[in-house]
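Tertiary structure, described
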Amino acid sequence: MPIHNHNIAGMLNELADRLEMDGANAFRIRSYRNAAHSIHEMSRDISGMVANKEDISQLPDVGKNMAEKIKVIVQTGQLDLLNELREKIPVDTKTLLQLTQLGPKRLKLLYDELGITTLKELQEAAQNDQIADLKGFGKKTQQKILEEIHKYLQQKDTVKRFKWAIAEQIITPFLEYIKSHKDVLQAEIAGSYRRRKETVGDIDILIICNNAKSVMEHFVSYEEVKEILSHGSTKSSVILVSGIQVDLRAISKESYGSALHYFTGSKEHNVAVRKIAVSKNLKINEYGIYKNDERLAGEDEAGIYQQIGLQYIEPELRENRGEIEAAQKNSLPKLVTINDIKGDLQSHTTASDGKYTLEEMAEAARKRGYEYFAITDHSKRVTMAHGLDDKRVLEQIEAINKVNETYSDITILKSMEVDILKDGSLDLSNEVLKQLDIVVFAIHYYRNLSRDDQTNRVLKAMQNPYVHIMAHPTGRLIGKRDSYEIDMEKIIHAAKDNGCFLEINAAPERLDLSDIYAKMAKDVGVKLAISTDAHSEDNLNYMRFGVAQARRAWLEPKDVLNTYSWTDLKQMIKRI
DNA sequence: GCCGTTTTCGGCCCGACTGTTTTCAGTCG
């Protein structure tokens, strides 16, 4: 069983939790959490680095001691210290720490005083009124714990985070409603939503307004509010019927920038920014940036960054993945925008599983102002989608030639999303593939091969000189289906070596590649296509989700295939 | 336990909120 980065991060976080329960030094505990985060955000595979005898103590927040422990985890899947602590304090931290109200300190107390180790024991103790009398607890806390357990048991099997596009659908009308109040001067969404994370937990909205009390009243009265969690004069929280939590905060004009920065996060980014402030004898909080008691800035975000000598950092980059260092050196990427996109390189028509005809899709792309548009129907292996065989592909080439005769302002590219078969061969003959303008290749079947077999399958496909862009490279569906086992680092390097490209599939349930792997591809020197995989005219709008993902991956226009003109692109994809 | 134009010791991000207390600990973001 390979140990993945998130497994390592999980064990280090658990170790931190248990060390905290054991009363260890707070900074030692933080070290484990920092290392866990560092590894979680890494695109390179730690197991692979260990196997290659690379020095992992060079990684941020990983020192000699930590490196040793990580090595042991990779090699054995275990860690003595963690096992010892699990034995010493046999509390189900993984479950119990998910309950709000409970942190490591309280869990320890519950264990020491009442011997509680599981959710069930906790529930029984609370029901028997044993918790209220413990030091630092009380009736209210006991009651809240019971409610939390109830909530946890109810939600256990449901997804707690919302896909960005879903959150957008829910929050857009709510934001409009908030703005419709006459005293609201400005309203903006902060948090992970603003950073365009692929999933969103809850939503933070900041406002500048004249009469906060009245606006808060307006906010909690929204028709979709299911539950009011808090309703104060400057902050209120509600849960909507969809289950998403929304917080509204009234901010003064002079602090708006600091508050926006603070609530946009990420936490890790904020911590790093504050550290820099401290090193310059400044202090940053959500009200402003201060030198002693003198306030230097706060009205807008740019002012905050400027005061500590940083370039303005776009929200999508604020994950403490190197953006701060880049800002210090004035070398932040000039991120790609939707306006840079000149075409779409994956789409389907009624020939396979699309909802619209070739002519309709072509016209929709032309109306968007694209310079080129690839029709990439499925190949025959995808029987469910009525995939095309060699003969039908040749017919479609003819059909596209005809469509192109009617247009002077857009080129419809002859293409296919050809299936990679189980053995790495392709589902169409080379004689047909070589007649296409550009070829997208993808896995749809045999998702459960071993990591090696799956990787080799793709490597073999890449050696075929007639393929160009690997579609949805990991095959994941967010919140629904994990990636198949595949060594993406190897795939990225193979793409580089073979002159292939990878896709950022812009469909909101895919967003595949992820930001981390897409950045890795950029760093290795592999360009990416941002493609909608549209099965309808409307799906062409997915492009903006893909662009957001690309921005989180630090991509600039030059890193994205479909920012180039077709004339240039044609040269770039040439392999033989 | 990590880190270093304060570099091998001594610091490590910051504030709000809650419920419990009567000045604070724990949790959360």
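Quick look at the overall build of chain A
Regarding its fold elements, chain A presents 24 helices and 17 strands. Computed over its C-alpha atoms, the radius of gyration of chain A comes to 27 Å, within 12% of the 25 Å expected for a compact globule of 576 residues. Looking at the 576 residues of chain A, the share that counts as buried comes to 54%. Here the contacts in chain A between residues at least 6 apart in sequence split such that 67% fall between residues at least 24 apart. Only carbon and sulfur atoms are counted for the fraction: they give 47% of the accessible area of chain A, which is about 26,700 Å². The averaged location of the 86 negative side-chain charges in chain A is 3 Å from the averaged location of its 80 positive side-chain charges.

Some points on empty space enclosed by the protein
Going through the model one piece at a time under the given rule, you end up with 2 cavities of 30 Å³ or more. Taken as a whole, the largest cavity encloses approximately 70 Å³ of empty space. The wall of the largest cavity is formed by W164, A165, R196, K197, E198, P508, L511, F545, A548 and Q549. Every element with two or more residues in the lining of the largest cavity is listed here: α10 (164-179) and α23 (543-552). In terms of residues, the lining of the largest cavity owes the most to one element, α23, which gives 3 residues.

Concerning the sheet that holds strand β8 (residues 283-285)
The 3 strands lie next to each other as β8-β9-β10, forming an open sheet whose pairing is antiparallel. The open sheet has two free edges, formed respectively by β8 and β10 (294-297), since each of these has just one partner strand. With strand direction ignored, the average angle separating the axes of adjacent strands in the sheet is 35°. Where β8 meets strand β9 (residues 288-291), 3 bridges bridge the pair, whose relative direction is antiparallel. Each bridged residue has a counterpart across the sheet, and for I284 the counterpart in β9 is I289.

Regarding the packing of aromatic side chains
Applying the stated criterion across every chain yields a total of 10 aromatic pairs. A ring pair is formed by W164 and Y193, whose centres lie 4.5 Å apart and whose planes are at 15°; its orientation type is stacked. Taken as a pair, W164 in helix α10 and Y193 in helix α11 (residues 191-194) lie far apart in primary sequence, 29 residues in all. Take W164: its relative accessible area is 6%, and that puts it in the buried class. Exposure remark for Y193: the relative accessible area of 10% places this residue in the buried category. Each residue in the set W164, Y193, Y542 and F545 is aromatic and connected to the rest through ring pairs, giving one cluster. The ring centre of F137 lies 5.2 Å from the NZ or CZ of R106, which sits over that ring. Its guanidinium or amino end placed over the ring of W554, K519 lies 4.7 Å from that ring's centre, counting from NZ or CZ.

Considerations on the side chain of H348
Mapped onto the elements of the fold, H348 is located in the loop between β11 (343-344) and α17 (358-367). We classify H348 as buried; its relative accessible area is 0%. Looking at H348, its side chain comes within polar contact range of the side chain of D533, at 3.0 Å.

Topic: the packing of helix α20 (residues 451-462) against helix α21 (residues 488-498)
Interhelical geometry of α20 versus α21 gives an angle of 10° and a closest axis separation of 10 Å. Viewed along their axes, α20 and α21 adopt a mutual orientation that is roughly parallel. On α21, the residues touching T455, V458, L459 and M462 of α20 are K490, I491, A494, A495 and N498. Across the contact of α20 with α21, the residue classes tally to 6 nonpolar, 2 polar and 1 charged.

Some words on the domain arrangement of chain A
For chain A, the assigned domains read domain 1 (5-156), domain 2 (162-250), domain 3 (255-328) and domain 4 (338-572). Using C-alpha coordinates to define each centre, domain 3 is positioned 39 Å away from domain 4. Regarding the contact of domain 3 and domain 4, the summed buried area is about 680 Å², with carbon and sulfur atoms giving 48% of it. When residues of domain 3 are sorted by the area they lose upon contact with domain 4, E316, L317 and R321 head the list and together hold 76% of the total. In this assembly, domain 3 and domain 4 are joined by 4 salt bridges. Classifying every residue of the side of domain 3 that touches domain 4 gives 2 nonpolar, 1 polar and 5 charged.

Overview of the protein's contact with DNA strand B
Near DNA strand B there are 40 residues, and of these R30, G103, F137, Y262 and K275 occur at the shortest range. Protein-adjacent atoms of DNA strand B, using a 4 Å cutoff, are sugar or phosphate at a proportion of 68%. The backbone of G63 places a nitrogen or oxygen atom 2.8 Å from a phosphate oxygen of DNA strand B. Within the contact set of DNA strand B, a phosphate oxygen lies 2.8 Å away from a backbone nitrogen or oxygen of M66.

Some thoughts on the pattern of salt bridges
One pass over the structure, following the stated rule, counts 32 salt bridges. Taking the shortest distance from any N to any O, the salt bridge between D409 and R366 comes out at 2.9 Å. Of this pair, D409 sits in the loop between α18 (390-406) and β13 (411-419) while R366 sits in helix α17; the two residues are 43 residues apart in sequence, bridging distant segments of the chain. Exposure remark for R366: the relative accessible area of 29% places this residue in the partly exposed category. For D559, the salt bridge goes to K558, with nearest N and O atoms at 3.6 Å. Where salt bridges share partners, they join R195, E319, R321, D515 and R552 into one cluster.

Brief notes about a negative patch on the surface
Taken together, E359, E360, E537 and D538 make up a surface patch of like negative charges. Looking at the element boundaries, E537 is found in the loop between β17 (528-531) and α23. Take E537: its relative accessible area is 31%, and that puts it in the partly exposed class.

A short note on unusual backbone geometry
Residues other than glycine predominantly adopt negative phi, and peptide bonds predominantly adopt the trans conformation. In the segment running from G265 into S266, the intervening peptide bond is cis, with an omega of -5°. Along the polypeptide, S266 turns up in the loop between α13 (256-264) and α14 (267-279). Residue L513 is bonded to the preceding D512 through a cis peptide linkage, with omega at 15°. Here L513 shows up in the loop between β16 (501-505) and α22 (515-524).

Rules of the game
- Residues numbered from 1 in each chain as written.
- Chains lettered and ligands numbered in written order.
- Predicted model: local features only at pLDDT ≥ 70, side-chain atom pairs only at ≥ 80, totals over all residues.
- Heavy atoms only, no water.
- Helix = DSSP H or I, 4+ residues; strand = E, 2+ residues; numbered from the N terminus.
- Rg over C-alpha atoms; globule rule 2.2 N^0.38 Å.
- Buried < 20%, exposed > 50% of the residue type's maximum accessible area, 1.4 Å probe, protein only.
- Contact = heavy atoms within 4.5 Å.
- Areas by Shrake-Rupley, 256 points an atom, 1.4 Å probe, with all protein chains shown as cover.
- Lys, Arg positive; Asp, Glu negative; His and termini not counted.
- Charge placed at Lys NZ, Arg CZ, Asp CG, Glu CD.
- 1 Å grid on protein atoms, 1.4 Å probe; cavity = no way out; pocket = protein on both sides within 12 Å on 5 of 7 lines; lining within 4 Å.
- Points joined across faces, edges and corners; volume = space filled by probe spheres on them.
- Pairing = 2+ DSSP bridges.
- Axes fitted to C-alpha atoms, helices over the stretch in contact; angles between N-to-C directions.
- Phe/Tyr/Trp six-rings, centres within 6.5 Å; stacked < 30°, edge-to-face > 60°.
- Lys NZ or Arg CZ within 6 Å of the ring centre and 35° of its normal.
- Polar contact = N/O pair within 3.5 Å; in protein donor to acceptor, adjacent residues only side chain to side chain.
- Parallel < 35°, antiparallel > 145°, perpendicular 65-115°, else oblique.
- Nonpolar A, V, L, I, M, F, W, Y, C, P; charged D, E, K, R; others polar.
- Domains from an automatic or database assignment.
- Buried area = accessible area lost by both parts, 1.4 Å probe.
- Salt bridge = Lys/Arg side-chain N within 4 Å of Asp/Glu carboxyl O.
- Near = heavy atom within 4 Å.
- Patch = residues over 30% accessible without salt bridge, like charges linked within 9 Å, V, L, I, M, F, W, Y side chains within 5 Å.

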